[in-house]
Amino acid sequence: MARKNVTEQLQPNDAGLARAAEILVSGHLVAVPTETVYGLAARADAAEAVARIYAAKGRPSFNPLIVHVKNLTQAEMLARFDANARKLVERFWPGPLTMVLPLRDDAGLAPAVSAGLSTIALRQPAHPTMRALLDQLDFPLAAPSANRSEAVSPTKPEHAMASLGGRCPAVVCDGATDAGLESTIVALRDNGAWSLLRPGPITKEQLEAELGPEAKTTSGKVESPGQLAKHYSPGKPVRLNALQVAQDEFWIGFGEVEGDYNLSPISDLNNAAARLYGALHLAGASEKACIAVAPIPDEGIGQAINDRLSRAAAK
């Protein structure tokens, strides 16, 4: 293993992925790129390995993890898939969609992965490096975002290293992620209903086109990541819908609101989503004591952007 408190920086090539696989097989952690954000991965079938995720992140034990699978065959060994689930697999996997499904009794996962729930959150990632790594392993990977709990998610390897310090033995350094926001999470109920638990790159409108109208049912528990009121915090007060700025505020702009950093001068919401966490990291590291964010249209992926910003601004 790497020296204590020293993070190995691995390249996304055969040698780097072989080393990452070796670390994961041994039950330790590796930060890996996905198309959404960098994930803090550990083998999902080993209790000690999963415990290292919670310890490294300072994550509350009631907050379940997303399990990443290499294909549908592996996913079906972990959860029960109905017609709706298979329809979403056909349309959106591999990709930034996580499904919360009934956990199989013989799944063989560490209990902490599901935080004691009877469901499991599953995703087949599309990022070629993550997929190549999964292909080398005989087990799925639990992989929440590679940062301290409640902090801004990492879209670059240096974000992960800065947030986790020496708590992660290795990171696969493969540049910036594409989507920039965590996956959409949808819960599929036994009665055929579905609920959007976390907005993301796959929009509510896309899901409704496949499944019909959403049924806003809830179990009353935290069913998936991203449901805590305070999350994605840059460590400073955040003010939303700001059309003017105070002297002590770092201004994140959008469209015609230039700001100190503009998420998208041409008002492209997909571009803004990809740049959001980078902007929050930049604002958090600035000399300004506070952060102000220009209004973001609440449509399409803008709903996911505003979801993250509202949690970042929570007291």
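Structure shown above.
Read on for a plain summary of the structure.

1. Digging into the pairing of strand 6 (residues 119–123)
Across the five residues that make up strand 6, a large majority, four, are buried. Across three bridges, the pairing between strand 4 (residues 66–68) and strand 6 is parallel. Across the sheet, residue Val67 finds its bridge partner in strand 6, namely Leu122. In this sheet, strand 6 lies alongside strand 5 (residues 97–102) in antiparallel orientation, the contact comprising four bridges. Across the sheet, the residue bridging to Leu101 is Ile120, located in strand 6.

2. Quick look at the state of the cysteines
All told, the structure shown has zero disulfides when counted by the stated rule. Considering cysteine sulfurs only, Cys173 is the nearest to Cys168, which forms no disulfide, with 10 Å between them. Looking at Cys168, the relative accessible area reads 3%, which means it is buried.

3. Focus on the packing of aromatic side chains
Enumeration according to the criterion identifies two aromatic pairs in this entry. A centroid spacing of 5.8 Å and a plane angle of 20° characterise the contact between Tyr232 and Tyr277, whose relative ring orientation is stacked. On the criterion of sequence distance, the pair formed by Tyr232 in the loop between helix 7 (204–211) and strand 11 (238–239) and Tyr277 in helix 8 (residues 269–285) is long-range, its members being 45 residues apart. For the pair Tyr232 and Tyr277, one class covers both residues: buried. Directly above the aromatic system of Phe139 lies the positively charged group of Arg43, at a separation of 3.9 Å from the ring centroid.

4. Points about the environment of Glu249
Tracing the backbone through its elements, the reader meets Glu249 in strand 12 (residues 249–253). A C-alpha to C-alpha distance of 6.3 Å links Glu249 and Ala289, two positions 40 residues apart in sequence. Among residues more than four places away in sequence, those in contact with Glu249 are Arg239, Gln244, Asp260, Lys288, Cys290, Ile291 and Ala292. One polar contact links Glu249 to Arg239, side chain to side chain, over a distance of 2.8 Å. Polar side-chain contacts of Glu249 include one of 2.8 Å to the backbone nitrogen of Ala246.

5. A closer look at the environment of Leu88
Along the chain, Leu88 turns up in helix 4 (residues 83–92). A C-alpha to C-alpha distance of 14 Å links Leu88 and Glu76, two positions 12 residues apart in sequence. Excluding anything up to four places from it in sequence, Leu88 contacts Trp93, Leu97, Met99, Val186, Leu188, Leu207, Glu210 and Leu211.

6. Here we look at the packing of helix 1 (residues 14–25) against helix 5 (residues 128–135)
At their nearest, the axes of helix 1 and helix 5 sit 10 Å apart, and the two run at 55° to each other. The angle between helix 1 and helix 5 falls in the class oblique. Note on packing geometry: the crossing formed by helix 1 with helix 5 is right-handed. Mapping the contact onto sequence places Leu17, Ala20, Ala21 and Leu24 in helix 1 and Thr129, Ala132 and Leu133 in helix 5.

Rules used throughout
- Residues numbered from 1 in each chain as written.
- Predicted model: local features only at pLDDT ≥ 70, side-chain atom pairs only at ≥ 80, totals over all residues.
- Heavy atoms only, no water.
- Buried < 20%, exposed > 50% of the residue type's maximum accessible area, 1.4 Å probe, protein only.
- Helix = DSSP H or I, 4+ residues; strand = E, 2+ residues; numbered from the N terminus.
- Pairing = 2+ DSSP bridges.
- Disulfide = S-S within 2.5 Å.
- Phe/Tyr/Trp six-rings, centres within 6.5 Å; stacked < 30°, edge-to-face > 60°.
- Lys NZ or Arg CZ within 6 Å of the ring centre and 35° of its normal.
- Contact = heavy atoms within 4.5 Å.
- Polar contact = N/O pair within 3.5 Å; in protein donor to acceptor, adjacent residues only side chain to side chain.
- Axes fitted to C-alpha atoms, helices over the stretch in contact; angles between N-to-C directions.
- Parallel < 35°, antiparallel > 145°, perpendicular 65-115°, else oblique.
- Left-handed = near helix turned anticlockwise from the far one by under 90°.

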